[in-house]
Every structure is written in C-alpha cells, then in structure tokens.
Amino acid sequence: MSESTSYIEYGTQPFKAILLSLFLAGFAIFSSLYCVQPMMPFLAKFFQTTATNSSFPLSLSTIALALGLLFAGLISDRFGRKQIMAISLFSTATLLLISSFLPYWEIFLATRMMIGLAVSGVASVAMTYIGEEIAQKDVGFAMGLYISGTAIGGMGGRLIAGVLLDFISWQTATLIIGVLNFIIAIIFYLALPASKHFKAYPIQFSRFKESFKKNLSDPKLRLLFAEGFILMGCFVTVFNYMSYHLLEKPFELSQTWIGLISVAYLSGIYSSPRAASWSQKFGREKVLIFMFLSMILGLWIMLIPSIWFILLGLLIFTFSFFAAHSTSSSWVSVQSLQYRAVGSSLYLFCYYLGSSILGSGSGLVWEHFGWLGLTVTITCILLIGLCIAVKLKTMKSNTAF
C-alpha cells in the first residue's frame, strides 16, 4: 500500500469507526462541560451566589481546559493519541460522578477545574488524530462531523440537565450525565482504530518551544487564533445568560422549556460538516466573513421580545457559529502543517480562553445593563472578528484548499 493510500478515506470501515468514536467522544466531553450551563440559576440559588459567580463552574472548567490544551498535545506526542483520549474520557466520567456527591462550592469548583483538565486530552488530540489518520481530502468533512459531535454534546448536556432540573436535583442530573459518559468511554476504547501514522517523540521542551515559535510566527495563524477567542467567547456568553433572560418577564419559562431551547444546536450539527463543501466552493475567507455577519444578524433578532424570534435568532446564531468554527479549525489544521498538534492546541487554547474570559466577564454587563447591553457588547466583539476575517481574505494563502 502506498503512502498516499495508507490514509483512511471516506466510506471505508475504519473511517466509519473513527467518525463514530470521535463523534461520541465529542458528545461526552462537551456534555460534561456544558451540563452546568442551564444549572446556573439553580447553582446561584443553592450556593447563594450571584449570576456572575454562577458562571464560574463553566469558566473555570474552560480555563483549565485551555491550559491543558497547551500540554495535552505534547503528552500525546510521547504516549499516543488513542491512549490519551481514552484516559481523558474515563477521568472525565469519574470526576462527574464525584462532583455529584460533593455539593460544597469550593470543592465543586475544584472538581470542575479537574474536569476541564481531563477534557483537554480529547479536545486537543482528536483534531490531531484526524489530521494524522484521515486522507487530506476528507479532513474537512471528518473535522466537521467531529465538531457536530461536540455540538450534540453541548446540546445534550444542556438539554438533559435543563429538562431533568424540573424533576430532580442538579446533583442527580450530574450523576446521570456521568454514568452516560462512562458508557461512552468504554465504547470509544473498543471502537477507535489504533494510530497508523503516529510517531512517538520524547517529551522535549526545546521541541515544544520551537513548535510554539513556529506557529506563532505565522501571521495568518495568529489571526485564526484570535478568531477562535472571539467566536467561542461570544457563543458561550449568549448561552450563559439566555437562561436568566428567559426566566424573566415577559417569558417566565420553566426550566424544561429553557433546556429545550438547546435544540438550536441542531442547526450547528448541520452546518459544521457542510462548511467544508462551502469552503471548497466559495473559499474559506468568504465563508468566515459571511458567518460573522449572520451571527450578528441572529444576535439582533434575539432582541425581539418573542420566544419564536429568540429561537429563530438563536438558530441563525448557532448555525453560523459552528460553520465559522469548523472553517477556522480546519484552516488551522492545514496551515500549521509542520506542527499540527501544537497549532490545534494553540487555536483551542484561545478558543476556550475566550469562553472563560468573555463568558464570565459578560456577566457584569448582564447584571448592570441586561440583555440589550449584552447584545451591544457581543456585537462590538463580533465586529472585531469580522475585521479580522476581512484581513485574512487579503493575506496571501500559504496552502491551497
């Protein structure tokens, strides 16, 4: 078998096994992260804290995730992609189970931080595994389907927790999600094909430093890292404070209906894999610009005080976010060809740093200026992302699509 044909291609049995495994892994880690999002009003009441502080369980998880991403790729370079991802999934499930039995604020926050670190083993390495094992012509499609799994995970975590909270405690809801994640970890370990193109490297900080310098010296990669920060920060901010918004007049929705709002993720599940074909047809730069514009459109539609318009705006916003993220992350995977693992890690570091900083920082805007103030703030940040996307369009491309 030649080197060009030894990579796994679309339609083959190993390709299907990879997609299933990584789809489930994406679901597991993101349901673990985002199950606390619809719990925020309950956590604020249970622990007697503010709306801003109730975002800490998610923000501390994503800060720890961002930091873990810087080193997870390096560790996987030494010990292997599948091994690190499997350990990550089993650790995440175990920590979820533990957190459901320890309802003390400081301990709960510490457990959430450890979950963030554990999740980094999948979040960083999955993209690298795809880049190493999948034929380049199918990388965009595979990346899109993996991101679809993360979308369903984010939706599933919010939806399961949101609906259950009307009937059971947040601790029991966390326990159920932990058990589900443990089952997924077992399936993943049994189903994912072993790496064929992985080459082990000793952990050398000189190589680590060199790979960081190489990626950060690329001006296009620096802009793509900034896009990740902006995209995720704005997206998490909307979902963080949507629960509070819908609990207020004139909506006054139950927690079940607020949880069901997460079906907006279905639009992202469609747009993630489709973004690859749109990029091939129109170019990555144009797709990214269009998606920033449509995110802003969706955001302002959500300002109309009607649950149907809010759902419509959220669908547009979510659809555009996942298409933009799929486009920029696959772009990073191709652009950082020499040090792909570190390139992916740096992109995701900025991505989750945006989630932590903007996701919690925007709580102060919500507390003082409400939904209108939040809409104006997010719009300004998205306009910066739009300017960066326009700048990317004017830069000479280093690689053909």
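Look a little higher up for the structure.
These remarks concern the structure in this document.

Here we come to the side chain of threonine 174. Within the secondary structure, threonine 174 sits in helix α7 (residues 170–191). Not counting chain neighbours up to four residues away, the residues in contact with threonine 174 comprise Met39, Leu96, Ser99 and Ser100.

All right, on to the packing of helix α4 (residues 81–99) against helix α5 (residues 105–133) then. Running from N to C, α4 and α5 cross one another at 155 degrees; their axes reach a closest spacing of 8 Å. Classed by the angle they form, the pair α4 and α5 counts as roughly antiparallel. The handedness of the crossing between α4 and α5 comes out as left-handed.

To continue, consider the state of the cysteines. Applying the stated criterion to the full structure yields zero disulfides. Take cysteine 234: it sits in no disulfide, and the sulfur closest to it among the cysteines is that of cysteine 380, at 10.0 Å. Cysteine cysteine 387 shares no disulfide, and the gap to the nearest cysteine sulfur, in cysteine 380, comes to 11 Å.

Below, the discussion takes up the packing of helix α1 (residues 13–34) against helix α6 (residues 136–164). The geometry of α1 relative to α6 is characterised by a closest axis approach of 6 Å and an angle of 35 degrees between their N-to-C directions. Handedness of the α1/α6 crossing: right-handed. Partitioning the contact of α1 with α6 into residue classes produces 13 nonpolar, nine polar and two charged.

Residues lysine 249 and proline 250 are joined by a peptide bond in cis, for which omega reads 5 degrees. Within the fold, proline 250 resides in the loop between α9 (219–247) and α10 (255–260). Look at glutamine 48: it is not a glycine, yet its phi comes out positive at around 55 degrees. Following the sequence through the fold, glutamine 48 ends up in the loop between α2 (40–46) and α3 (56–79). Residue classification places glutamine 48 among the exposed residues on the basis of a relative accessible area of 74%.

Let's shift gears to α9. In an α-helix, one turn spans 3.6 residues, which is why side chains three or four residues apart end up on the same side. Given a rise of 1.5 Å per residue, 29 residues ought to cover 42 Å, and the 44 Å separating the end C-alpha atoms of α9 matches this to within 8%. Tyrosine 241 marks the point of greatest bend in α9, at about 35 degrees. Counting buried positions along α9 yields 24 of 29 residues, so the element is predominantly enclosed. If you check the start of α9, you find a side-chain oxygen 2.9 Å away from the backbone N of lysine 220, and it comes from aspartate 218.

Following the sequence through the fold, asparagine 53 ends up in the loop between α2 and α3. Reaching out from asparagine 53, the side chain makes a polar contact with the side chain of threonine 49 at a distance of 3.0 Å.

Our focus in this paragraph is the side chain of serine 99. Among the secondary structure elements, serine 99 is positioned in helix α4. The buried category is assigned to serine 99, whose relative accessible area is 1%. Every residue in contact with serine 99, bar those within four places of it in the chain, is listed here: Phe108, Thr111, Trp170 and Thr174.

Once that is clear, we can look at the packing of aromatic side chains. This model, assessed by the stated rule, comprises 21 aromatic pairs. Look at phenylalanine 47 and tryptophan 105: their rings are 4.8 Å apart centre to centre, the planes differ by 45 degrees, and that puts the pair in the tilted class. Taken together, the positions of phenylalanine 47 in the loop between α2 and α3 and tryptophan 105 in helix α5 put the pair 58 residues apart, joining distant regions of the chain. When sorted by exposure, phenylalanine 47 lands in the same class as tryptophan 105, which is buried. Arranged with centres 5.5 Å apart and planes meeting at 75 degrees, the rings of phenylalanine 90 and phenylalanine 182 form a pair that is edge-to-face. On the criterion of sequence distance, the pair formed by phenylalanine 90 in helix α4 and phenylalanine 182 in helix α7 is long-range, its members being 92 residues apart.

Take the environment of leucine 247 next. Its location among the elements puts leucine 247 in helix α9. When its relative accessible area of 34% is taken as the criterion, leucine 247 is described as partly exposed. With 11 residues separating them along the chain, leucine 247 and isoleucine 258 place their C-alpha atoms 8.2 Å apart. For leucine 247, the contacting residues outside a window of four places in its chain are Pro41, Glu252, Leu253 and Ile258.

Basis of the calculations
Residues numbered from 1 in each chain as written. Predicted model: local features only at pLDDT ≥ 70, side-chain atom pairs only at ≥ 80, totals over all residues. Heavy atoms only, no water. Helix = DSSP H or I, 4+ residues; strand = E, 2+ residues; numbered from the N terminus. Contact = heavy atoms within 4.5 Å. Axes fitted to C-alpha atoms, helices over the stretch in contact; angles between N-to-C directions. Parallel < 35°, antiparallel > 145°, perpendicular 65-115°, else oblique. Left-handed = near helix turned anticlockwise from the far one by under 90°. Disulfide = S-S within 2.5 Å. Nonpolar A, V, L, I, M, F, W, Y, C, P; charged D, E, K, R; others polar. Buried < 20%, exposed > 50% of the residue type's maximum accessible area, 1.4 Å probe, protein only. Expected span 1.5 Å × (residues − 1). Bend = angle between axes of the 7 residues up to and from the residue. Polar contact = N/O pair within 3.5 Å; in protein donor to acceptor, adjacent residues only side chain to side chain. Phe/Tyr/Trp six-rings, centres within 6.5 Å; stacked < 30°, edge-to-face > 60°.

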